[in-house]
Amino acid sequence: MRIGSRFHFLPICTGSYNKFWLSTTSMVRQQVDIKMPLRKCVTLPNDLETFARARERFDFEKFKTEILHEHEQKRDASLNYCLWGDESPIFLAVQKGNIFPDSKYFVDMPLKHGITPRECIQRFETFTKGATSVDTASLSKEDLTHFLLQHFDPPDTEFDYWQPDDWIELGLGKENTVDVQTPTLNFSRHAQEPIQYAGDSDGELTVSTTCSAQDSSDSMDIELDNNNFEVECEQQHHPIEELCNGISKHEAFDARHVRFVKGLHNIWPQLGRKVSDGPLKHSTFLREEMQNGFIIPGGRFREVYYWDTYWIVTGILTSGMYQTAKGMVQNLLSLVDKYGFVPNGSRSYYLNRSQPPLLADMVCSLVEYDQEQGRNIDCSFLLSAFESLKKEYKFWMNHRVADSGSELYEPKSGLNVYTGVHNHSVRDTKPRPESYREDIELAEAFCQTEGERGYFYAHIRAACESGWDFSSRWFEGESLGRIKTGVIAPVCLNSIMLRFEYNMCWLSNILLSCADTPETLKINMAKDYESFKQAANKREIALREEMWCDELSCWRDVWMNSEDDKNVNDAYPEKEKRRSPSTTNYASDFMPLWAFSAKRDMQLGEKESLYSHEEMDRLIQHFESSGLLCEAGVKTSNTLNLGQQWDSTNVWAPIICITVEGLLSVGRNGLANAIATNFLNTCRIGFEREGDIYEKYCCNGNGNRGSGGEYENQVGFGWTNGTILRLFSLLTRQTRN
């Protein structure tokens, strides 16, 4: 609703909310519910004097500039959301009619230019002759398809394909005989020869492979001399060319890896998108906050995803694409400024959940890149980003912490949890719009009552917020029907929150030492440093006291009882806190090592280390014997294959990166290098054979795509590309140093 410059109002108090009849110069009237900034609630005035006093207490400017603007934005967003949500008869007809194999397809379809959500709903009502939502489910697929073709465009058409300005295409070298997009050579012989582990004297793992350089020359019709191999650079100073020089000198790599890296660098424009310059199309995409071009994951993931972006940013920084990386970070900061957090993805149907909070890590990556390049820090950008990060941190500490006042669980430390059934409130007990039909089918299979279905949907959303959707890690048993993500304080989230706190300490120190930081702000910045230092110290203790498991010599998730535990499972008494009941090992059990790597050289506390050298040695021994190590690097879990994608037998790029960096931070370089090299070779083999990079890989090291989950393995793939480039950079830096 657009408000004119002249504006008359009559407040009518109803409890803490007030209804206003708004009158504009265009004589448009509409009733709006708005929370009022009154000092206290007043009753309907009986005389003009009382009414005048009520007007004096009313902050009119704040109402006009802030509350109405916020309401208008939310109302417009809700109108879009309604069309692609379960209040829309179109949505219900399409999803229940099984028009598309993937429920996400429809909610990603924009309206054709010139059609508004309201008009579309009205036309559908005319089309169905006023049929109810129940009746529309019986419409024929042909009729529905015809209506959709008339009113909607395919997904991805609200974007333009985008080639970043700071991307430069690189030649693959004269030795190359492989078209990385349409490979024609047969590498199947090498795919039959997996990378093998061999023990060395200190108990760590080294890498050996049965694939020799001479074998490669047979397949590629070229002769490789690894000892004398030199990279022919078209542009010697390009960061990727410099990386390739380092790769050519590394004992574990050869010419194939050089071409592999250049091929990955050349993929970025295929994943580049920007908001279309063409006519506006209504859609679920959050276009206002995505003002800069961005890199998408790929496949069905046509938009920005929160924690994916961290590994994409690390990869494009390795490619020297600083402006692209900064633009993507600014997009996410804009989301925080508007919503108070970064949604799961840049779609309106993701506004009810987030993902692991890695935005502070992205900002730190930009600062570290500036430092490596010998450039001055962009103090203005960093000051603004720091304030946005404080806002996001507040969201996670206010809305994602187990309720200390709960009768069911009273933690000593305030561990963070993902959205779900904590704090006695289930905020969203409906199926996900992007997986509507799939969620309903699961609920019908596993749940008996409406209450059970509500808790089930809430736990499903919590698992999606974790990024581990789905894993037996969240199950009480072996069935997805027993998912309990919302009542688990996860090691992974609390490790990331510790990194968040470390990063905020480091950034505040950077700003305190920056000459461009105003002196008036440095006082508050010093207070922020102390606050985040105390928070980090507290969380370090919480990880030790609440999550460290002496019996296993690793960290474990903490499970808590909840309202649905009482209703569905009476096996555990109230107020009982327990570590994960599973005997399965998960890669997340070792994730605090990655958190500690973000501490840098900061001395945040005077206390001695919370872990002895003997405990760290036992931790590494447990990791080596955990069953997680494999030919492709590290499996997500060692459980039997339960059909979930975040379980055995899959290997995920982010888990590899987290594990490698964590091991490097405690000096286990041999083990870290073995894991990284095995993963890089796995990806290279698959790329040479298929010309694709996958979302996840099979653990056998043959370059095969992973399996399981609620959708097919996707090709692209943003965070895998980024992780590969990041790992090559880490390994070659070790060689230089």
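Rules behind the numbers
- Residues numbered from 1 in each chain as written.
- Predicted model: local features only at pLDDT ≥ 70, side-chain atom pairs only at ≥ 80, totals over all residues.
- Heavy atoms only, no water.
- Pairing = 2+ DSSP bridges.
- Helix = DSSP H or I, 4+ residues; strand = E, 2+ residues; numbered from the N terminus.
- pLDDT = per-residue confidence, 0-100.
- Contact = heavy atoms within 4.5 Å.
- 1 Å grid on protein atoms, 1.4 Å probe; cavity = no way out; pocket = protein on both sides within 12 Å on 5 of 7 lines; lining within 4 Å.
- Points joined across faces, edges and corners; volume = space filled by probe spheres on them.
- Nonpolar A, V, L, I, M, F, W, Y, C, P; charged D, E, K, R; others polar.
- Core = buried A, V, L, I, M, F, W, Y, C linked by side-chain atoms within 4.5 Å.
- Buried < 20%, exposed > 50% of the residue type's maximum accessible area, 1.4 Å probe, protein only.
- Polar contact = N/O pair within 3.5 Å; in protein donor to acceptor, adjacent residues only side chain to side chain.
- Salt bridge = Lys/Arg side-chain N within 4 Å of Asp/Glu carboxyl O.

K.L.:
Quick rundown of the pairing of strand S7 (residues 272-275)? Include the residues and the values.
P.N.:
Note that strand S4 (residues 159-161) and S7 share 3 bridges and pair antiparallel. Bridge pairing in S7 links Asp160 to Lys274. Relative to strand S8 (residues 294-295), S7 runs antiparallel, the two sharing 2 bridges. In the strand pairing of S8, Arg273 is matched with Phe294.

K.L.:
Please give an account of the confidence of the model for the protein chain that cites residues and values.
P.N.:
Interpretation of this model should avoid reading the predicted coordinates in detail wherever pLDDT is low. In the predicted model, the protein chain carries a mean pLDDT of 81, and 72% of its residues have values of at least 70. This model gives residues 1-45 a pLDDT under 50, and the stretch forms 92 contacts once residues within four places in sequence are excluded. Counting interchain partners and residues more than four positions distant, the pLDDT-below-50 stretch residues 563-576 has 32 contacts.

K.L.:
Explain the sheet that holds S8 residue by residue, including any values.
P.N.:
Pairing is antiparallel in the open sheet, where 3 strands are placed in the order S4-S7-S8. Lying at the two open borders of the sheet, with one neighbouring strand each, are S4 and S8.

K.L.:
Explain the layout of surface pockets to me, and be specific about the residues and the numbers.
P.N.:
Computed from the structure, the second largest pocket encloses a volume of approximately 960 Å³. Around the second largest pocket, the lining is made up of 31 residues, and of these Glu372, Arg726, Ser729, Leu730 and Arg733 lie nearest the centre. When residues of the lining of the second largest pocket are traced back to their parent elements, those giving at least two are helix H10 (239-248), helix H12 (306-318), helix H14 (359-372), helix H23 (653-665) and helix H25 (718-736). Examining the composition of the lining of the second largest pocket, we find that 7 residues originate from one element, H25, more than from any other. Among the residues forming the lining of the second largest pocket, the class breakdown is 9 nonpolar, 12 polar and 10 charged.

K.L.:
Break down the nonpolar core for me, with residues and values.
P.N.:
Among the nonpolar cores identified, the biggest contains 187 residues, and Phe106, Phe152, Leu359, Leu507 and Trp555 are the most heavily contacted of them. The element that contributes the greatest number of residues to this core is helix H18 (residues 491-513), accounting for 14 residues. In contact with Leu359, not counting residues within four places along its chain, are Tyr306, Val329, Leu332, Leu333, Val336, Val342, Leu389 and Glu392.

K.L.:
Give me helix H11 (residues 255-265): which residues, what numbers.
P.N.:
With respect to burial, H11 is a largely interior element, 11 of its 11 residues being buried. Of all the positions in H11, only Ala255, Arg256, His257, Val258, Arg259, Phe260, Val261, Lys262, Gly263, Leu264 and His265 are classed as buried.

K.L.:
Explain the environment of Tyr393 residue by residue, including any values.
P.N.:
In this fold, Tyr393 is placed in helix H15 (residues 379-399). Residues Tyr393 and Glu501 lie 108 residues apart in sequence; the distance between their C-alpha atoms is 8.7 Å. The residues touching Tyr393, leaving out its near neighbours within four places in the chain, are Met497, Phe500, Glu501, Phe532, Ala535 and Arg539.

K.L.:
Which residues make up empty space enclosed by the protein, and what values go with them?
P.N.:
One way to see where empty space is left: roll a probe the size of a water molecule over the atoms. Following the criterion strictly, the structure yields 8 cavities of 30 Å³ or more and no others. Size it by volume and the largest cavity reaches roughly 280 Å³. Together, 25 residues line the largest cavity, and Phe301, Tyr305, Gln355, Asp469 and Tyr711 are the ones closest to its centre.

K.L.:
Give a detailed account of the side chain of His257, specifying residues and quantitative values.
P.N.:
Tracing the sequence through the fold places His257 in helix H11. A distance of 3.4 Å separates polar atoms of two side chains, one belonging to His257 and the other to Arg684.

K.L.:
Which residues make up the pattern of salt bridges, and what are the values?
P.N.:
Taken as a whole and assessed by the stated rule, the structure comprises 44 salt bridges. A salt bridge links Glu465 to Arg400, with the shortest nitrogen-to-oxygen separation between them at 2.9 Å. Here the residue Glu465 occupies a position in helix H17 (residues 450-466), and Arg400 occupies one in the loop between H15 and helix H16 (436-446), the gap between them amounting to 65 residues. Neither Glu465 nor Arg400 differs from the other in exposure class; each is buried. For Lys522, the salt bridge is made with Glu519, and the minimal N-O distance between the two is 3.4 Å. Taken together, the residues Lys522 and Glu519, both in helix H19 (residues 519-547) and 3 residues apart, mark about one turn of the helix. Take Lys522: its relative accessible area is 18%, and that puts it in the buried class. We classify Glu519 as exposed; its relative accessible area is 57%. A network of salt bridges, in which partner residues are shared, links Lys104, Asp108, Glu158, Arg302, Glu303 and Arg347.

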